[in-house]
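Descriptive structure summary
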Amino acid sequence: FPWVPFPWVPFPDEFAARYRELGYWTGETFGDFLAAKAAAFGERVAVVDSEVRWSYRELDERATRIAASFVGLGIAPGDRVVVHLPNVAEFVAVVFGLFRAGALPVFALPSHRFAEISAFCSISGAVGYVIADSSRALADEVVAAVPSVRHVLIAADLAELPAGGPLPEVDASAVAFLQLSGGSTGVPKLIPRTHDDYLYSVRESAAICGLTPETVYLVALPAAHNFPMSSPGILGVLHAGGRVVMASAPSPDVVFPLIERERVTLTGVVPPLALQWMASPARAAHDLSSLKVLQVGGAKFVPEAAARVRPELGCELQQVFGMAEGLVNYTRSDDPEDVVIGSQGRPISPHDEIRVVAEDDVEVAPGEVGELLTRGPYTIRGYYRAVEHNAVAFTADGFYRTGDLVRVLPSGHLVVEGRAKDQINRGGEKIAAEEIENHLLAHPAVHDAAVVAIPDEFLGERTCAFVITTEPVAAPALRAFLRNRGLAAYKIPDRVETVEAFPHTGVGKTSRRDLRRALADTLRKAR
Ligand code: J2J
């Protein structure tokens, strides 16, 4: 990945000035944030997992100690460190440790494997890779493949390493971390978020969700994902002085006993998990009465399922339509029932700018479906080190092209109607079609490949790979080939179809997008 002079696109000065004037960007860093919370909530429990129960004071001290270890290792302000941890309390301490050292966490998901981790390391030029000790073999491969990675660090050891110092001054307008994009291209995209912009979204999310020191939040989704991190998630709950409870897995057998034991009041899940929880016979055996609100987001939660949440789980539903690039929409607790069930919420901020456009970028009539473009106080202006892609992913005046097809209700709530990006949303897990196609093309017998979504009752969508091969290759062999390339399990195609040729979609040159659409149509008709 070539060196570029400006690896990220800052907000234009006049916008930054406006967001500061409005009091949205306060100059607070993540390091200051945790210190302030420790001062305010000292001995209250901040974060719990199956091994530890840390107070705000303990979390704060541990983060400072870990920051000193990073400095001791020679990790400098601005350096990138890939964080690859399961849902444990240590995740929070490590991330705040990096913030305090001025280094940028790059958030990997537990399901990521060599293909993803090595890509994040090389795109970001990471100097460090933090793991839980179980994934050591993977770390060795990553170090061998990406020369910039000088340190493989076991999270639990970080508080014991020789301390360096002093801790640096950190600038709140600087990039604080790199989040992952769901992506629609062959190469993953990293999202640079600043202290200023992210903390604004966190504070507002905490307010919208009515968080208090009594809030107990269960982290059911992977902690590193933007939803459980910030909507209002771990950070919103810490902002309010509440308690964060880490679940090692999102299945009912793990989650229901935790809800009962910790008296969990709030959690966030993707639609298939909501369905699984509602269908679980274990529900009757546990007291889930403390749960006040179930947030559902990451993929479309259809109204038929949404309507079942209150009667079956006995709690309120909040729909959340967000993206790691920025914009987050919530249904509000005082929204009418039909809006909570039938919409994906409205933006956090009065300064979130929304445009719904047709293919020519002209705005559609109010209430019509079009692509959602957005700009605002916590939406990025460009991906990290992605000059060419930024030219197509953003408009000239800085609106992010979400690739989501929406319509806007008169109340300002958005209804997600579909997608215009080459991505499969497999129950909230995002898969870039081109990325999988590139891996398939690396197989010696694969002449061409196209990956499309197939509708699925439980996951919303699954993946189907169409391949043209030079000799017969069985589907299991092709899947094994992808696994051996170190691709995360959720990206392995659910179905593989070998075809003689791809359909022609009209006159002239066929775009990949048209081809994918035609193939998806073929599948739909065959059902
Ligand atoms: C339909 N599609 C949705 C929804 C996300 C909160 C919640 C979710 C995410 C997230 C997040 C959807 N209905 N309710 O970051 O802070 C699809 C859209 C969107 C993409 C973003 C948060 N909620 N989506 O899912 O970066 O296509 O963030 O553009 O993973 O998920 O994916 P991601």
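About the thresholds
- Residues numbered from 1 in each chain as written.
- Predicted model: local features only at pLDDT ≥ 70, side-chain atom pairs only at ≥ 80, totals over all residues.
- Helix = DSSP H or I, 4+ residues; strand = E, 2+ residues; numbered from the N terminus.
- Rg over C-alpha atoms; globule rule 2.2 N^0.38 Å.
- Buried ≥ 20, exposed ≤ 12 C-beta atoms within 10 Å, placed from the backbone.
- Contact = placed C-beta atoms within 7 Å.
- Pairing = 2+ DSSP bridges.
- UniProt positions renumbered as here; feature names shortened; annotations may be inferred.
- Axes fitted to C-alpha atoms, helices over the stretch in contact; angles between N-to-C directions.
- Right-handed = clockwise from strand over helix to strand, strands pointing away.

Another aspect to go through is the overall build of the protein. Counting its regular elements, the protein contains 18 helices and 24 strands. Over its C-alpha trace the protein gives a radius of gyration of 23 Å, about what one expects of a compact globule, namely 24 Å for 527 residues. Expressed as lengths along the three principal axes of its C-alpha atoms, the size of the protein is roughly 65 × 55 × 55 Å. When burial is assessed residue by residue, the protein has 52% of its 527 residues classed as buried. In the protein, 68% of the contacts between residues at least 6 apart in sequence involve partners at least 24 apart.

The next point concerns the sheet that holds strand S15 (residues 346-347). Two modes of strand pairing occur in sheets, parallel and antiparallel, and in both the strands are linked by backbone hydrogen bonds. If you trace the nine strands from one edge of the open sheet to the other, you get S2-S1-S10-S9-S11-S12-S13-S14-S15, paired in mixed fashion. Only two strands of the sheet have a single neighbouring strand rather than two, namely strand S2 (53-55) and S15. Note: strand S12 (residues 293-297) against strand S13 (residues 316-323), five bridges, orientation parallel. What sits directly across from Val 293, in S13, is Glu 316.

The UniProt feature table records "domain: AMP-dependent synthetase/ligase" (unreviewed entry) at residues 36-384. Between the end C-alpha atoms of residues 36-384 the distance is 30 Å, and the span holds 34% helix and 22% strand.

Turning our eyes to something else, we now look at the sheet that holds strand S18 (residues 400-408). With antiparallel pairing, four strands are arranged side by side in an open sheet as S16-S17-S18-S19. Here the strands that pair on one side only, and so sit at the sheet edges, are strand S16 (353-357) and strand S19 (414-419). Ignoring strand direction, the axes of neighbouring strands in this sheet form an average angle of 45°. Relative to strand S17 (residues 370-375), S16 is paired through five bridges, and the arrangement is antiparallel. If you follow Val 356 over to S17, its bridge partner there is Leu 372.

In this section: the pairing of S12. Moving residue by residue along a regular strand, the side chains alternate between the two faces of the sheet. With four of five residues buried, S12 lies mostly within the body of the structure. Strand direction decides the pairing type here: strand S11 (residues 266-269) and S12, joined by four bridges, are parallel. In the strand pairing of S12, Gly 268 is matched with Gln 295. Between the parallel elements S11 and S12, the chain passes through helix H11 (residues 271-279) in a crossover that is right-handed.

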